Amino acid sequence: MAGDPIEGEVLVLVAAKASVGPQRLPELVDRVAADLGPRRETYAREYERAYETDDRTAFFVEDGHWQAIRDRLDLGEREVDAVRRAHHEQLTRDGRRLGRIEEFEMALEIRECVVLGTGA
C-alpha cells in the first residue's frame, strides 16, 4: 500500500473504521502528504515536535488544523476525517513503541497531530 508516512497496517486498521474505502485511503494520505511535505519547515518552526524517527516526524498542531487542510485541498468531511484518523493512529502506535503513549494521549486531548515523512 502507498500512504507514506503512514504504515500499511495503520491504513488497514483505519480503513476498516472509516467511511472511506480501503483503496481510497492510501490515495488520500498520499495527496495530503504531497501537500504537507513542502511545509515541513513551517511545521518545524511553528509547532511542537512530538517525535522524529528515520521515517517520519510528528507534530502537535492546534485543534481545527485538519479543517484548514480539508479546505485547502477541497476534501470532503469523511475524507479528511479518515486521513486525520490515520495520522492520529500512527502517532499513538509510535507512542507505544517509544514508551510515550500516556504523554501523547494527554496531548491529543487538547490538540491534533500531523505526521510527515522524512523523505529518507
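Provided above is the structure to which this section pertains.
Predicted model, so just to flag it, every value in this text is computed and none were measured.

Reading guide: rules and limits
Each chain has its residues counted from 1, running along the sequence as written. In keeping with the predicted nature of the model, local features appear solely for residues at pLDDT of at least 70, side-chain atom pairs appear and are counted solely at 80 or more, and the whole-chain, interface and lining totals rest on all residues. Side-chain metrics rest on all non-hydrogen atoms present in the structure, leaving aside hydrogens and water. Put simply, a nonpolar core is a bunch of buried Ala, Val, Leu, Ile, Met, Phe, Trp, Tyr and Cys residues held in one set by side-chain atoms that sit within 4.5 Å of each other. Summary of the burial criterion: residues with accessible area below 20% of their type's maximum are buried, those above 50% are exposed, and those between are partly exposed, where the area comes from a 1.4 Å probe applied to protein chains only. By the criteria applied, helices consist of DSSP H or I runs no shorter than four residues and strands consist of E runs no shorter than two, each listed in order from the N terminus. Between any two strands, pairing holds if DSSP finds at least two bridges. Lines fitted to the C-alpha atoms define the axes, with helices restricted to the stretch that makes contact. Angles between their N-to-C directions range from 0 to 180 degrees. Contact definition: two residues touch when any of their heavy atoms are within 4.5 Å.

1. Section: the nonpolar core
Next, step 1: If you look at the biggest cluster of nonpolar residues, it comprises 36 residues, and the most contacted ones within it are Leu-25, Val-32, Tyr-43 and Leu-91.
Next, step 2: Listed by contribution, the elements that provide at least two residues to this core are α1 (8-17), α2 (24-36), β1 (48-52), β2 (56-61), α4 (65-73), α5 (77-98), α6 (101-108) and β3 (112-117).

2. Details of the sheet that holds β3
Pairing between sheet strands relies on hydrogen bonds along the backbone, with the strands arranged either parallel or antiparallel.
Next, step 1: If you trace the three strands from one edge of the open sheet to the other, you get β1-β2-β3, paired in antiparallel fashion. Each edge of the sheet is formed by a strand with only one pairing partner; in this case those strands are β1 and β3. Here the strands of the sheet are splayed against their neighbours by 25° on average, with no regard to which way each runs.
Next, step 2: The sheet contact formed by β1 and β2 spans four bridges and is antiparallel. Each residue of the ladder has a partner; that of Arg-49, found in β2, is Phe-59.

3. Overview of the environment of His-87
Next, step 1: Among the structural elements, His-87 can be located in helix α5.
Next, step 2: Since its relative accessible area comes to 2%, His-87 is described here as buried.
Next, step 3: Spatially, the C-alpha atom of His-87 lies 11 Å from that of Asp-4, the residues being 83 residues apart in sequence.
Next, step 4: The residues touching His-87, leaving out its near neighbours within four places in the chain, are Ile-6, Leu-36, Trp-66, Cys-113, Val-114 and Val-115.

4. Regarding unusual backbone geometry
Next, step 1: Backbone geometry at Asp-74 places phi at a positive 55°, although glycine is not the residue there.
Next, step 2: On the secondary structure map, Asp-74 appears in the loop between α4 and α5.
Next, step 3: Residue Asp-74 is classed as exposed on the basis of its relative accessible area of 67%.

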